Every structure is written in structure tokens, then in C-alpha cells.
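These are the residues of each chain, in order.
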Amino acid sequence: MDVAANPLREGLAQDRIPDECTVVIFGASGDLTKRKLLPALYSLARDRMLTRVAIVGFARRPVADDAFREQMLEGVNEHARRRPVHADLWKSFASRVHYHQGSFDNVEDYRTLKARLEQIERESGMPPNRIFYLSTPPSSFGPIVRALGAAGLVPRDGQGYARVIVEKPFGVDYRSAERLNAELHAVLDEEQIYRIDHYLGKETVQNMLVFRFANAIFEPLMNGKYVDHVQITGAEAIGVEGRGGYFEEAGILRDMVQNHLLQVLCMAAMEPPVGFDAASVRDEKTKVLRALRPLSAEDVRRHVVRGQYGAGSVLARQVPGYREEPGVNPASSTETYVALEMAIDNWRWAGVPFFLRSAKRMPKRVTEVAIHFKQAPLALFGAAHVVPNVLALRIQPDEGISLNMGSKVPGPSVAVTPVTMEFRYASSFGAEPPEAYERLLLDCMLGDTTLFTRADWVLESWRYVSRIHETWAADRRPDMPPYEAGTWGPAEADALLARTGRTWRRP
Amino acid sequence: MTATTERLGRGEDVGVDVAAIEREFAALWRSASGEAGAADLKPVTRACLANLVVWCEDDAHLAALKQAFDALVVSVPARVLIVKSEPARDDAPAFESYISANCILAPGGGKLVCSEEVTLVARGDGLRHVAAVVRALLVANVPTMFLLVRPPTAGTTAVTPLLGLCDRLIIDTAMLTDLRELVRMEALADGARQVVDLGWLGLAGLRSSIASVFDHDGPRAALGTLTQVNLVAPAARMAGRVLLVAWLAERLKWRGPPDNLRAGARRTSVFSGPAGALTVELTAVPAPPGGAEPETLLELVMRDQVVRVRRGSEPVALIETAVGVRSMALDPSSLGDRVARAMGPRAFDPAFPRVLARAVEMAA
Ligand SMILES: NC(=O)c1ccc[n+]([C@@H]2O[C@H](COP(=O)([O-])OP(=O)(O)OC[C@H]3O[C@@H](n4cnc5c(N)ncnc54)[C@H](OP(=O)(O)O)[C@@H]3O)[C@@H](O)[C@H]2O)c1
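Residues numbered from 1 in each chain as written. Chains lettered and ligands numbered in written order. Predicted model: local features only at pLDDT ≥ 70, side-chain atom pairs only at ≥ 80, totals over all residues. Heavy atoms only, no water.

A. Region of interest: the pairing of strand β4 (residues 130-134) of chain A. Residues and elements named next belong to chain A. Burial within β4 is extensive, with five of its five residues counted as buried. Here β4 shows no split at all, with R130, F132 and L134 on one side and I131 and Y133 on the other all buried. Bridge count for strand β1 (residues 21-26) against β4 is five bridges, and the pairing is parallel. What sits directly across from I25, in β4, is Y133. For β4 and strand β5 (residues 162-166), the ladder comprises five bridges, and the chain directions are parallel. In the strand pairing of β5, R130 is matched with A162. Handedness of the crossover joining β4 and β5 through helix α5 (residues 141-150): right-handed. (Buried < 20%, exposed > 50% of the residue type's maximum accessible area, 1.4 Å probe, protein only. Helix = DSSP H or I, 4+ residues; strand = E, 2+ residues; numbered from the N terminus. Pairing = 2+ DSSP bridges. Right-handed = clockwise from strand over helix to strand, strands pointing away.)

What follows is the structure in C-alpha cells.
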């Protein structure tokens, strides 16, 4: 099928309609499938972004097709962006939802899966375009891909396409990521691999590029000549929410910084790409990571602060300390807060420190990039009347852009006060943007890898982050300052900025 | 997004003095932000992404539009300038104006964003001044849209200068009651910089549903054997639905102008198509009094197969092909949502004027 050859599709251009395909979800009885994946696929179908899509859930427990559809309908009813569910549309959508019982490590189950896919495609006249979504524990990524290869399900150039979406986390350090890349590349071409980072599916993260490169007035200021420093914050109000066991192994540096916040950093700091295609955008992002000044063990001790939350009050609710959370070692040395001072050694950003912080149990949930500009060259109205200009790109919640500047207070004397110019996404475009998973699934169907993480990016990010972990592991007595839940982190993090004569912004 | 809108109004005539209108707006904003008292000061954000000039002739229509604008403020905050044309009256001035503001209350109750509305009532001679007043009231540096859902009843003299002020004309072929109106509308639209049709936007779902039938190579090849297209539609909707056939004519490059024949409620147009003569039959079905709206049926007759697309009063399309019946949900969006969409950058379809011209060929 070639949608582009259809003369009646011409001009219906606002819909990038992908070819018909089948999405196989490994880990289909899991939480992510019900909460995000099926609701996203349904909303896409509801918005007519899809022609026809068949879905095959794959997991261990025995479930009949109908029971699986019921479970998925529950998820869609509760979580889909497009609600209430349209009865007729659900009927025709659900008629192509199937369940295949199998174990990840049994190759025979993949052979029966293959036969099932062929049958579905034959009966519905669909082409053999297949997406395999690994919504599974990360330890299964390698084995599943190996088995897919052994069963002949992911040919590098078959009749249709075979693509694999890999959930996070991609490795736990440089070595494991390198190993996982090698395991995938043994079976798949890089073009077949879609490493997901749902942050990149967020409209406001994509808007950072539009904001920077579609406007001529900001970009000339985005460099060491005008920018004093940049602060990137990824704060969560929630704690570990019953995932204590997982978080004990991960820590905030792996959970938030290595993937999401480094992606945000790259979007904020990258050079303009030569085009808005996957290769150009991803090249520029990787270059940012390559330019990060490597951290020696001494640098880690000096420029990285970690902390762990104690009991406190968040959003008017008393909450326990990290070590009292279920599944957490009472003597845990896992960080729930991290702040880094980073340097990007390239022409544009030389001399501009990037301060990045991420934590659980902060006063509120907020992700933002704040660009702090240098002061005016002359304090014409007196030192007391200098207002720093800050351009803040808020990613969530309350997405938007604000610019702080000084303005004269009305009255006979000269007094300068900070005022804010605000642009809020929600008040300017009431339309609800698609969910991150919708955008990413659609892009995968269209074969567009721009918003997915490339192998070299993953390795570079781990190269940087693993050095921090290695130093922490070598330091036998971890310096783990506590902070009270519901505050902006330990005093040591304030000291990190104070040393340079700066303070954290209160987002 | 859940939000409620609140209207702040100044019911009395504020005169034609443009400076006075702006002063009244400023006062309105001050009273809006001070409303809650100093203890609970609510900042009001005036937001304006566009000017929307609206032409309207009767009260029921005006009420429906005002309701649509309540929804509009959520997605495209705009300064709305409603021009209401009325016949001259001895007991009323030639020109009156009223202002009001629409505010969205965020779910938590805080006032977030407001946009402005001016109603200009022009009678008889007053119509001559409309364009000048509108020109002075336009917010600078944002695009200007002109919503004119139907051609004006009393000629185009007052409307033409407004067209010249606007970047985009927004019409609604779904509101046109007969093909003659469609012809008049096309003549008007010809003078606009850009035309966006709410009816055409409303057909987008149906068009992609029809297009999807021909994504596969087999059915697409069959398009080359198309000899007859039948459209049966409620009489009151024919002017809007005929665009579907016009779209096929434009996309599939049927050669015209067609030979037209008319017999009662049935019109026949003969084009030159890929397989020789291609006959289009349009049949208008009157709605039974008080009954449900008759369904629309579009039939594409090819050599070895017939594709039928049906749409009843529900926003669902049923597509019957050789392989079976498929149902596709269509967007049951409100007038406000459609106007908001029509003001956006993606609503503009450069092919639409050609499609409209094709429809007029069949209506002639
Ligand atoms: N949940 C989230 O919000 C979220 C957010 C971001 C990323 N992720 C990532 O998404 C992935 C999935 O998360 P999740 O929360 O959905 O996981 P989950 O609830 O733990 O589900 C795991 C799934 O894998 C299946 N499974 C495990 N071992 C299997 C085996 N040997 N053979 C066959 N099936 C097996 C389970 O099937 P049975 O139950 O039938 O045994 C279940 O369907 C993870 O990589 C996670 O890191 C999740």
C-alpha cells in the first residue's frame, strides 16, 4: 500500500497518515499498556490519524481475547485523551485487538506469534508492517530481541517493515548500555530501533526548538556573551510511590537526569540543525553531550551534590522520609536529590555554567529551563536597581515562556522593580495537545526517528553519568546530606551556587 | 480543557467614538481585576491572537454566534467585532455599539484570560461607516479574519470594504440553503485573500474516510474506471455536500465544464472522466416535517465495484466496499470549535477555491 500515491489523500496533508500496521506489545498485561499505550492508540484512531491498526498483546498469563479487550477498554475509558469512548468506533477498533500468551524466553512462543500475525494480516488484508513494543522489565529487552531475530520476525529488509520500540531504562551504566546496544545491533539495524524517552514526545519540549529556531530575536543572545548561566530543574512532588525497590537500584540520577533532563539540556543548548530531519537533529544533540566537560573524581566531589529526603510536608500532607518508604533499605545510600554544575566546552557556551537539579519530594512538580542573562554593563540607576533578566521555558505544568525584566515603578523617583512578561500555552491555544505516547507511536509508524534516542546519544549520556556513579561507589562513606521533604533540597546545593555568587531560582 | 466562561458586559450604547470604546474596555478590565477585592486580587490576562470581524443579519443568528464565541475565547482569544446590519428605523440611531468581555474561569476558579467583543449595529445609512470604524478598532499586528457565513441579503456594498481589511474570509457552505446561494458566495469569496470554509472543514473527516478506501492499489486502480457518481442529500444540505463531488472532480481531474441538465429535484452533470463520459447525479431530498434528517449517500460506480458512503444524523460514516462495511467516527465539533480551527494556520487549504469553483460549475 502506498498512501502517497492516492490522489484523494492529496491536500488532506494535516494528517500524516501512516500505512496500516500491527503493533505487538510485549508486557501487555502491565501497567504501561493499560494506562498509556492502548489509550494512545485509541485516541489516534479516534482522531483519524490511523488508517487501520491491529494490536497483539503478548504476556505470560493466560487471557482470552475478549477478556483482554475488556481490560483495555477499562484503560481507555479511564485514561484516553479522547473520551468518552465512541461505542461504534471502539467496536471496530477492538475487533483488531488480540492477545497472545507466551513467555519471553521461549522461542517456540515467537514462532506461534509469527503464525498468528500472518493469519491476522491475511484475514484483514493488511501488509506485514510490524512494530514490536518492549513494555517489559529491562532485563527482557535483549532476550526478546534475540528471540524475535531467531523467529525471523524482524528481517532487516522484508516485505513490510519491522521496528522495535524499547522502553526505558536503556542500561544502568555505560557498559550495560553498550552491551544492550550490541545485543540489539546483532539483530536489528539502528534504523529499526526506537528508544523511547517520553519527554521528547511532549509538545513543550518540541516547542523549545521552535521557540529557539523559528524566532530571530532570541538566538543571537543565546551564548556566553549575554548568558550568565542556565538552570535546569526537574522537580517532582511525589516520592517513590510504591516503587521503592526499583528506585533503590536507580536513584534520581539514573531515573531522571541521564535521560529526560539531559535531553532537555541538549534541546536548550544545541546548535541549529541543518534541517529538521532525524539525522540532523540527533547529530546536534549528540554534539552537546560530546562537548560536556568530563568530570574527574575530584570534579564529582566538588560539582555534584546529592541528597536524600527525610520526613516532611508536601502539598499539605505529612509524608515519610525516603528510608521509611516500603521496599527501601533503612540505611539506604540512594540519592533522591542531585544537583550538578556542568560545563559545555564549545564556542557558544564556553564559560557559561549549566546548573541542573532533579529530585523527589520537592514543594511542587515543575520542569523548566531558566536562562539567566548577564547584567546591563552599567548600573545606571544604582546597584540596588539592577534586575537580572531571566527567560524561563516551562515544560510542565503550566507550560509557557516568561521573561523577567526591570520596569520603573510609577512615581516621582527612580525605582526599578522586576516585572514578568508571560506567554502561557494553555491560554493561547486551548486545544489539548496529543499525549506524548500518541506522538511517539505515530512517529514510529511513520518511520520518523527524530524524537527517539539514538545509540550514540545513549552512550554519551551514560559516559557522563557513569563517572559520577563510579566516584560515588568509590567513596566509601557517602556524603548524603538529608533534606526535608517539601523543601528545595539540601543546603549543600545552595552552597554549590553560592560559591559562584549565584542562587537557585524558585520555580 | 475544562473551563467556564463569564461575560462581563456594558449593556449601554457606548457610541461610535473609537477612543471611547477603548477607554470603556480599559475600565472594564480594571473592574474585572478589582472585582474580587484587594484580599483576593485576580490578575486578568488580556489575550489577543487575532481580530475576528463578523457579519450578521438576524437576532437568532447573532445569539448562536455569541454562544460560539464563548467557546472561542478558550482556544483563540481574539478581539471580536460583530457587525449587525439592520434595516433603517426612525426610532433608532444609524449606528450603535456595545462592548463586552469574555473571560475563561480556570477549573480552580481563578480568572485567567479575557478577550474582547464589540457589537456594532448599523442601520441604513450607518452601514457606510462600518468599514471605517472597524478599521480603527482592529488590534495591530495580529491577523484579521472575516466570518461571513452567508452572503448578505441586501447586496455586497457594505461587505466589500470589510473584505479588503481582512486576511482571511471564513464562510460556511453548510449553512447555505440552496445552490444559488453557493454561486453568490463563490463570487464574493473570489475577492478575498484567503478563504476557509467551516463546511469544508466539517467534511474533512468524511473526505479522509473516502480517501482511505483508495489507499490500496486494487481499489485505486478501479478509480480509473469510474463512470458515475450519485449524491443524494437533504435538500437543505445539498449546497454543502456537493463539495464532496466537486472535490472528487478536482482531485481526479475530471474535465469540464460539464453539460448540465435539470429535472425536478434531480440535476445531472456530464464530465469527461478517465473512462469516457462521467455522469454526476445530484438528488435533493426534502426533509419530512418534524422528522429526522434524511441520510446523505455518496455512490461511486466503477466497472467492477460500487463504493457507498452513508452519513445519517449521527456523526458516523458507514463505508460499504466489496470487502465489507466500515464505520468511521466523524468529528461532531461545535460551531465555536470549528471557528477556532478555521482561524488557525492549518485550516487554510489552497485547493479549496478550485473545489468551490467546481461545485459552482455543477450548480450553474
Ligand atoms: N508504568 C509506567 O508508568 C512506566 C513509565 C515509563 C516507563 N516504563 C517502562 O515500561 C516498561 C513496562 O512497565 P510496566 O509498568 O507496564 O511493567 P509491569 O506492570 O511490571 O509489566 C510487566 C509485563 O511484562 C510481562 N512479563 C514479565 N516477564 C515475562 C516473561 N518472562 N514472559 C512473558 N511476559 C513477561 C508481564 O506479564 P504477566 O503479568 O502476564 O507475567 C507484564 O505484562 C518497563 O520497562 C518500565 O521501566 C513504565
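Read on for the rest.
B. The site of the ligand, seen in detail. Residues and elements named next belong to chain A. By nearness alone, 21 residues border the ligand, and S29, R35, R61, T136 and K168 come closest of all. At 2.9 Å from an oxygen atom of the ligand is found a side-chain nitrogen or oxygen belonging to R60. In the model, a nitrogen atom of the ligand is placed 2.9 Å from a nitrogen or oxygen of the F104 main chain. Calculation on the ligand without its partners gives an accessible area of 900 Å², and the protein chains cover 77% of this total. Top contributing element to the shell around the ligand by residue count: helix α1 (residues 31-46), with three residues. Classifying every residue of the shell around the ligand by side-chain character gives eight nonpolar, seven polar and six charged. (Near = heavy atom within 4 Å. Polar contact = N/O pair within 3.5 Å; in protein donor to acceptor, adjacent residues only side chain to side chain. Areas by Shrake-Rupley, 256 points an atom, 1.4 Å probe, with all protein chains shown as cover. Nonpolar A, V, L, I, M, F, W, Y, C, P; charged D, E, K, R; others polar.)

C. Focus on empty space enclosed by the protein. All names here are of chain A. Under the definition given, this model contains five cavities of 30 Å³ or more. Listing elements by their share of the lining of the largest cavity, those giving two or more residues are α8 (244-269) and α13 (455-474). Among the elements that take part in the lining of the largest cavity, α8 stands out by supplying four residues, more than any other. Approximately 70 Å³ is the volume found for the second largest cavity. As for the second largest cavity, its lining consists of ten residues, of which T204, N207, L393, G400 and I401 are closest to the centre. Only α7 (203-213), β14 (390-396) and β15 (400-408) provide two or more residues apiece to the lining of the second largest cavity. Sort the elements by how many residues they give to the lining of the second largest cavity and α7 lands first, with four residues. Here the residues of the lining of the second largest cavity are counted per class, giving six nonpolar, three polar and one charged. (1 Å grid on protein atoms, 1.4 Å probe; cavity = no way out; pocket = protein on both sides within 12 Å on 5 of 7 lines; lining within 4 Å. Points joined across faces, edges and corners; volume = space filled by probe spheres on them.)

D. View of the nonpolar core. Core analysis: the largest hydrophobic core is formed by 150 residues, its most contacted members being F26, F93, F132, F354 and V369 of chain A. If one sorts the elements of this core by residue count, α8 of chain A sits on top with 13 residues. Counting only domains with at least three residues in this core, you end up with domain 1 (3-167) and domain 2 (200-377 + 451-498) of chain A. Residue contacts for F93 of chain A: discarding those within four places in its chain leaves L38, L41, Y42, A45, V53 and I55 of chain A. By size, the runner-up hydrophobic cluster in this structure holds 85 residues, among which are W29, A101, L179 and M238 of chain B. (Core = buried A, V, L, I, M, F, W, Y, C linked by side-chain atoms within 4.5 Å. Domains from an automatic or database assignment. Contact = heavy atoms within 4.5 Å.)

E. Quick peek at the pattern of salt bridges. Tallied over the full model, the rule gives 54 salt bridges over all chains. Among the salt bridges present, the one from D65 of chain A reaches R116 of chain A, with a minimum N-O distance of 3.0 Å. On the criterion of sequence distance, the pair formed by D65 of chain A in helix α2 (residues 65-79) and R116 of chain A in helix α4 (residues 107-124) is long-range, its members being 51 residues apart. Residues joined by salt bridges that share partners form a network here, namely D59, K84, E86, R89, D91, E96 and R123 of chain B. (Salt bridge = Lys/Arg side-chain N within 4 Å of Asp/Glu carboxyl O.)

F. Inspection of the sheet that holds strand β2 (residues 53-59) of chain A at higher detail. Residues and elements named next belong to chain A. With parallel pairing, the six strands of this open sheet are ordered in space as β3-β2-β1-β4-β5-β6. Single-partner strands in this sheet number two, and they are β3 (97-101) and β6 (193-195). Looking at each pair of strands side by side, their axes are set apart by 20° on average, direction ignored. In terms of strand pairing, β1 meets β2 through six bridges, oriented parallel. Across the sheet, residue I25 finds its bridge partner in β2, namely G57. Set on the sheet, α1 makes contact with β1, β2 and β4; between it and β1 the angle comes to about 170°. The sheet contacts of α5 involve β1, β4 and β5, and relative to β4 the element is tilted by about 155°. (Axes fitted to C-alpha atoms, helices over the stretch in contact; angles between N-to-C directions.)

G. Highlighting α4 of chain A. All names here are of chain A. In this model, α4 (18 residues) spans 26 Å end to end at C-alpha, consistent with the 26 Å of a helix rising 1.5 Å per residue. For α4, the set of buried residues is D109, Y110, L113, R116, L117, I120 and E121. Relative to the axis of α4, the buried residues are bounded by an arc of 130° and lie together on one face. Of the exposed residues in α4, those oriented more than 90 degrees away from the buried face are R122 and E123. Here the buried face of α4 lies against β1, β2, α2, β3, β4 and α5. Phi turns positive one or two residues past the end of α4, at G125, with a value near 65°. (Expected span 1.5 Å × (residues − 1). Arc of directions from axis to C-beta.)

H. Representation of the packing of aromatic side chains. For the structure on display, the rule yields 20 aromatic pairs over all chains. An angle of 90° between the planes, with centres 5.2 Å apart, marks the rings of W349 of chain A and F354 of chain A as edge-to-face. When its relative accessible area of 1% is taken as the criterion, W349 of chain A is described as buried. Centroid distance W200 of chain B to F352 of chain B: 5.5 Å. Interplanar angle 45°. Geometry classified as tilted. Taken together, the residues W200 of chain B in helix α6 (residues 198-202) and F352 of chain B in helix α11 (residues 352-363) connect sequence positions 152 residues apart. Pair check on accessibility: W200 of chain B and F352 of chain B agree, each one buried. Site record: aromatic cluster; members linked through ring pairs are F26, F58, F104, Y110 and F132 of chain A. The ring centre of Y161 of chain A lies 3.5 Å from the NZ or CZ of R163 of chain A, which sits over that ring. (Phe/Tyr/Trp six-rings, centres within 6.5 Å; stacked < 30°, edge-to-face > 60°. Lys NZ or Arg CZ within 6 Å of the ring centre and 35° of its normal.)

I. Highlighting a nonpolar patch on the surface. All names here are of chain A. Residues L378, L380, F381 and V414 make up a contiguous nonpolar surface patch of roughly 450 Å² in combined accessible area. Tracing the backbone through its elements, the reader meets V414 in the loop between β15 and β16 (416-424). Take V414: its relative accessible area is 45%, and that puts it in the partly exposed class. (Patch = residues over 30% accessible without salt bridge, like charges linked within 9 Å, V, L, I, M, F, W, Y side chains within 5 Å.)

J. Region of the structure containing the environment of S402 of chain A. All names here are of chain A. As for its placement among the helices and strands, S402 is situated in strand β15. Residue S402 is classed as buried on the basis of its relative accessible area, which comes to 5%. Considered as a pair, S402 and A392 are ten residues apart in the sequence and their alpha carbons are 5.2 Å apart.

K. Inspection of the side chain of E219 of chain A at higher detail. Residue and element names in this part refer to chain A. One can find E219 in the loop between α7 and β7 (227-235). A distance of 2.7 Å separates polar atoms of two side chains, one belonging to E219 and the other to R212. Side chain to side chain, E219 and R348 meet in a polar contact 2.9 Å long.

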